[in-house]
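Listed here are the chains, written in short residue letters.
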Amino acid sequence: MKDFSQITDYIKSLYPEMDPVLLHCPQFLGNEKKYLNECIDTKFVSYVSHFVTDMEEQIKKLTGAKCAVAMVSGTEALHMAFVAAGVKPGEEVISQPLTFAATSAVIVNCGAIPVYVDVDRDTMGMSPKALKDFLENNTKQAGGKCINKNTGRVISACVPMHTFGHPCRIDEIRTICDEHNLMLIEDAAESVGSFYKGKHTGTFGKVSILSFNGNKTLTTGGGGMLLTDDEELAARAKYLSTTAKEPAKWGYYHKEVGWNLRMPGVNAAIGAAQLEYFDKIIENKRETAQMYKKFFDGLGIPFVTEPENSRANYWLNAILLKDRAEREEFLEYTNSNGVQTRPIWTLMYKMPPYEHCERTDMTNSEWLEDHLVNIPSSVRTSI
Ligand SMILES: *Cc1c(COP(=O)(O)O)cnc(C)c1O
């Protein structure tokens, strides 16, 4: 097997405190314990805790979104975004095959059907060109709706994703969505702290979501946030995710079927603490990316850097190997020598629940699947 020891040695030197070096391990460097204790001491552990509203306010300030609604996970925030935006069962939703399965799972769990378009190689996010080509060749407008001529179904929304925190060409995608009467719903799960043309990711579409899962840039253990400038949509998402209970002095009355998906206070306490030093988290991660870039340039291995016009959070760093065989050798060597690495996700249409879905040519997605590997990216605490 090929000797990748120079690489594992270098990565271990960046994270001397970790053995093995994990792909993305959360670090708690601020008031996390203090705020958790406050939850326990005051007994405000549920979603009525002030930490939930504190966190929503801090996220609004960070992103510039008018409204932010905290949820139990990024997946459920996306689910509520779909429901509140009005995606209906039997409709189609355009997505990308290169994503974490949650994006597709939410589409299906809403009774909708995914349609996949290819990504760009540099951003790893939805390709505006592939989207435009698909729409121009396969859809027509009728009654203000976009109809897929191949299936006769309404395409109601388009869900691009900012892969590994690198912004996709979201402004071009927005223009195309507007031209074709599609709602733009951004899966910004991976890109808290990432900006495109000076604007935070997740603030370009009608609604978007962030994830604060344990392995993401900012964590609440498990958690997510719905972002929108549409106050009515935010209010509806909040109402539906709080069991759809009508406000009342006391008593219980529900006009609609709801869910119980709001973020508990104990989770928000961790997030509120992390947000106090979020600038430092991003600075640290961007510095790691610079160090990696220099190191891999020296080895002649392409390191994935932020696309044009963007400032990325570098959630998960990535390198591009020669081919599928080298990718497998690298994964085998690093994971058995104390450094956790992971391949990019299996493309959605290669897995049973999604293999029947309509899709465009996938040259770029297939290329990235063959070459890309993620490498350790946690906040460094000792060097
Ligand atoms: C992490 C992630 C999600 C889901 O977020 P959870 O908080 O884990 O539910 C959704 N989409 C993408 C692209 C993600 O990476």
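Remember, predicted model here, so these are calculated numbers, not experimental data.

S.K.: Would you explain the overall build of the protein chain in this entry?
M.R.: For the protein chain, the helix and strand inventory stands at 12 helices and 15 strands. Since a compact globule built from 383 residues should have a radius of gyration of about 21 Å, the 21 Å found for the protein chain is in line with a globular shape. Summarising its shape, the C-alpha atoms of the protein chain cover approximately 65 × 60 × 35 Å along the three principal directions. Classification of the 383 residues of the protein chain by burial places 56% in the buried group.

S.K.: What is the right way to look at the sheet that holds strand S9 (residues 199-200) in this model?
M.R.: The strands making up a sheet associate through backbone hydrogen bonding, with each pair oriented either parallel or antiparallel. Here 3 strands make up an open sheet; going across it, the order is S9-S8-S12 and the pairing antiparallel. Only two strands of the sheet have a single neighbouring strand rather than two, namely S9 and strand S12 (310-311).

S.K.: Sorry, what's going on with helix H2 (residues 32-42) here?
M.R.: Structurally, the α-helix is built with 3.6 residues per turn, so residues lying three or four positions apart point the same way. The set of residues buried in H2 consists of Glu32, Tyr35 and Cys39. Here the buried residues of H2 occupy an arc of 75° about the axis, which is enough to place them on one side. For H2, the exposed residues set more than 90 degrees away from the buried face come down to Lys33, Lys34, Ile40 and Asp41. Positive backbone phi, at 70°, marks lysine 43, one or two positions downstream of H2.

S.K.: What exactly am I supposed to notice about the packing of aromatic side chains here?
M.R.: The relation between two aromatic rings is expressed through the spacing of the ring centres and the mutual angle of the planes. Scanning the model with the defined rule gives 12 aromatic pairs in all. Taking the centre distance of 6.5 Å and the plane angle of 10° together, the rings of phenylalanine 303 and tyrosine 314 count as stacked. Separated by 11 residues along the polypeptide, phenylalanine 303 in the loop between helix H10 (278-299) and S12 and tyrosine 314 in the loop between S12 and strand S13 (317-320) bring together distant segments of the chain. Ring pairs connect the aromatic residues Tyr10, Tyr292, Phe295, Phe296, Phe303 and Tyr314, which therefore count as one cluster. Sitting above the plane of the tryptophan 367 ring, arginine 121 keeps its charged end 4.1 Å from the centroid. The lysine or arginine in question, lysine 199, covers the ring of phenylalanine 204, its NZ or CZ lying 5.3 Å from the ring centre.

Thresholds applied
Residues numbered from 1 in each chain as written. Predicted model: local features only at pLDDT ≥ 70, side-chain atom pairs only at ≥ 80, totals over all residues. Heavy atoms only, no water. Helix = DSSP H or I, 4+ residues; strand = E, 2+ residues; numbered from the N terminus. Rg over C-alpha atoms; globule rule 2.2 N^0.38 Å. Buried < 20%, exposed > 50% of the residue type's maximum accessible area, 1.4 Å probe, protein only. Pairing = 2+ DSSP bridges. Arc of directions from axis to C-beta. Phe/Tyr/Trp six-rings, centres within 6.5 Å; stacked < 30°, edge-to-face > 60°. Lys NZ or Arg CZ within 6 Å of the ring centre and 35° of its normal.

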